[in-house]
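Here's the letter readout for the chains.
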Amino acid sequence: MYLLDTNVFISAKNFYYGFDFHPGFWDWLTHANREGRVFSTKKVYDEICQQEDQLNRWASAHKDGIFLGPPKDFDDQLECITDYVIDGNFKPSAIEEFLKAADYYLIAHALAKHFKIVTHEVPKSRKGKIKIPQVCQEFAVECLTPFDMLRRENARFVWKPDNG
């Protein structure tokens, strides 16, 4: 099962899978969610809803299916992740930013429920910002790109010419 980061939704809307020319991607997300394979979190939903746009409207229509609330048993994971970032020689501003963002909760949720995280983020060696792949690596949470997820899931978006 997969948990999608905020940047997956935003990049899809803005670049790869715009609602106007690639509705199949959004239909696939809905279908994969109904089959219990693709989710995100309420914290990601909150980040998406900071903009009033088509993505916000789509997310609102799928709020109760795709966007999961925190599991009851993930406080221990939050604590472990907090300890890691505090002890990780990161800048205080990076720690503060990370602990307020959806990424923190996304990773804890994945850790608690054995999800894979899907993100466009890549690990950085610099200490200026805490990235999802860095933390996932520390806790052995699988982290992959949206394109890797789509390939693993054998998603196909095939154009069929209009015969009309």
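Everything here concerns the structure above.
No experiment lies behind these values; they were computed from the predicted model shown. (Residues numbered from 1 in each chain as written. Predicted model: local features only at pLDDT ≥ 70, side-chain atom pairs only at ≥ 80, totals over all residues. Heavy atoms only, no water.)

A short note on the packing of aromatic side chains
Note on aromatic pairs: each is described by the distance of the centres and the angle between the planes.
Point 1. One pass over the full model with this rule turns up 17 aromatic pairs.
Point 2. Ring centres of Tyr 17 and Phe 25 lie 4.2 Å apart, and the angle between their planes is 10°; on these two criteria the pair is classed as stacked. No difference in accessibility class separates Tyr 17 from Phe 25, as the two residues are buried.
Point 3. Clustering of aromatic rings is evident, with ring pairs tying together Phe 9, Phe 15, Tyr 16, Tyr 17, Phe 19, Phe 25, Trp 26, Tyr 45, Trp 58, Phe 67, Phe 147 and Phe 157.
Point 4. In this structure, Lys 43 is placed above the aromatic ring of Tyr 105, and the distance from its NZ or CZ to the ring centre is 4.5 Å.
Point 5. Lys 116 extends its terminal NZ or CZ atom over the ring of Tyr 2, reaching a point 5.8 Å from the ring centre. (Phe/Tyr/Trp six-rings, centres within 6.5 Å; stacked < 30°, edge-to-face > 60°. Buried < 20%, exposed > 50% of the residue type's maximum accessible area, 1.4 Å probe, protein only. Lys NZ or Arg CZ within 6 Å of the ring centre and 35° of its normal.)

Here's the deal with the sheet that holds strand S1 (residues 2–4)
Point 1. The strand order S3-S2-S1-S4-S5 describes an open sheet built from 5 strands, whose pairing is parallel. A single partner strand is all that each edge strand has here, and the edge strands are strand S3 (67–68) and strand S5 (143–144).
Point 2. Here strand S4 (residues 116–118) runs beside S5; their pairing, made up of 2 bridges, is parallel. Looking at the pairing, Ile 117 lines up with Cys 143 of S5.
Point 3. Each of S1 and strand S2 (38–41) is contacted by helix H2 (residues 23–34), which is oriented at about 95° to S2, the strand it contacts most.
Point 4. Those strands touched by helix H8 (residues 102–113) are S1, S2, S3 and S4, and its axis lies near 175° from that of S1. (Pairing = 2+ DSSP bridges. Helix = DSSP H or I, 4+ residues; strand = E, 2+ residues; numbered from the N terminus. Contact = heavy atoms within 4.5 Å. Axes fitted to C-alpha atoms, helices over the stretch in contact; angles between N-to-C directions.)

Details of the pattern of salt bridges
Point 1. For the coordinates displayed, the defined rule picks out 8 salt bridges.
Point 2. One salt bridge in this structure joins Arg 37 and Glu 35, with 1.9 Å as the shortest N-O distance.
Point 3. The exposure class of Glu 35 is partly exposed, given its relative accessible area of 46%.
Point 4. Of the charged contacts, one joins Glu 52 and Arg 57 as a salt bridge, the two residues approaching to 3.6 Å between their closest N and O atoms.
Point 5. Given a relative accessible area of 63%, Glu 52 falls into the exposed group.
Point 6. Assessed through its relative accessible area of 49%, Arg 57 is described here as partly exposed.
Point 7. Connected via shared salt-bridge partners are Glu 35, Arg 37 and Glu 153. (Salt bridge = Lys/Arg side-chain N within 4 Å of Asp/Glu carboxyl O.)

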